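# Descriptive analysis of the structure
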Amino acid sequence: MKSLFVAILIVGFGLSVQAQETFTHKEAGVEITIPADWYYEHADDAFTIYTPGKELGISLAVMEAHQIDKAVDEATKDLEKEFTAVELGEVKEAKSNGMDSFEIGGTAKTREGVPVIIYYCMVVTPTAKILEISAVGTEAEFNKFAKGIKQLDESLKPVK
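Residues numbered from 1 in each chain as written. Predicted model: local features only at pLDDT ≥ 70, side-chain atom pairs only at ≥ 80, totals over all residues. Heavy atoms only, no water.

### Structural notes on the overall build of the protein chain
The helix and strand tally for the protein chain stands at three helices and twelve strands. Here the protein chain holds 160 residues, and 42% of them are scored as buried. Taking the intrachain contacts of the protein chain between residues at least 6 apart in sequence as the baseline, contacts between residues at least 24 apart amount to 54%. Surface accessibility of the protein chain: about 8700 Å² in total, with carbon and sulfur atoms responsible for 52%. (Helix = DSSP H or I, 4+ residues; strand = E, 2+ residues; numbered from the N terminus. Buried < 20%, exposed > 50% of the residue type's maximum accessible area, 1.4 Å probe, protein only. Contact = heavy atoms within 4.5 Å. Areas by Shrake-Rupley, 256 points an atom, 1.4 Å probe, with all protein chains shown as cover.)

Take a look at the structure:
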């Protein structure tokens, strides 16, 4: 994963926490460190990481490998419900700290006509699970929080 973008996705009610913290998902065999002053909410195996003012969020969920096609279809349908002019590029293979990943980027507009960037990624974890990462935000939001996004991206790694 070359960059980890921000998400605006619906997440169930969960616990909200503020502090730099490393989250470990033992079943998937990965960990990620959340920047100080950022928040996260979680429910079951899904969680969303938010910037300090909750302007942006990054949604992560762990799933079984056989659910990949279903996840991509659902993500596309959800995007088309929430945004207009959705345009997605081709799937690109990449590496995320040694793990195989598949990335899809694109653009859309909010219902109010604001242009946004879309990022969707599936990382194959060391235990053959899929870590789904979804993100949507404006270019200005990506730029404002680039340092924290980079920290998240670099901290996502296999558990040793």
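### Section: the sheet that holds strand β2 (residues 21-25)
With respect to topology, three strands assemble into an open sheet ordered β2-β3-β12, the strand pairing being antiparallel. The sheet terminates laterally at β2 and β12 (157-158), the two strands that pair on one side only. Note: β2 against strand β3 (residues 30-34), five bridges, orientation antiparallel. Looking at β3, one finds that Glu21 is bridged to Ile34. Sheet contacts for helix α3 (residues 146-155): β3 and β12; angle to β3, the most-contacted strand, approximately 160°. (Pairing = 2+ DSSP bridges. Axes fitted to C-alpha atoms, helices over the stretch in contact; angles between N-to-C directions.)

### With respect to the nonpolar core
Judged by nonpolar contacts, the single largest core of 24 residues is most densely connected at Trp38, Ile49, Leu60, Ile133 and Leu156. One finds Ala75, Ile104, Tyr120 and Met122 within the second-largest nonpolar core, a separate group that totals seven residues. (Core = buried A, V, L, I, M, F, W, Y, C linked by side-chain atoms within 4.5 Å.)

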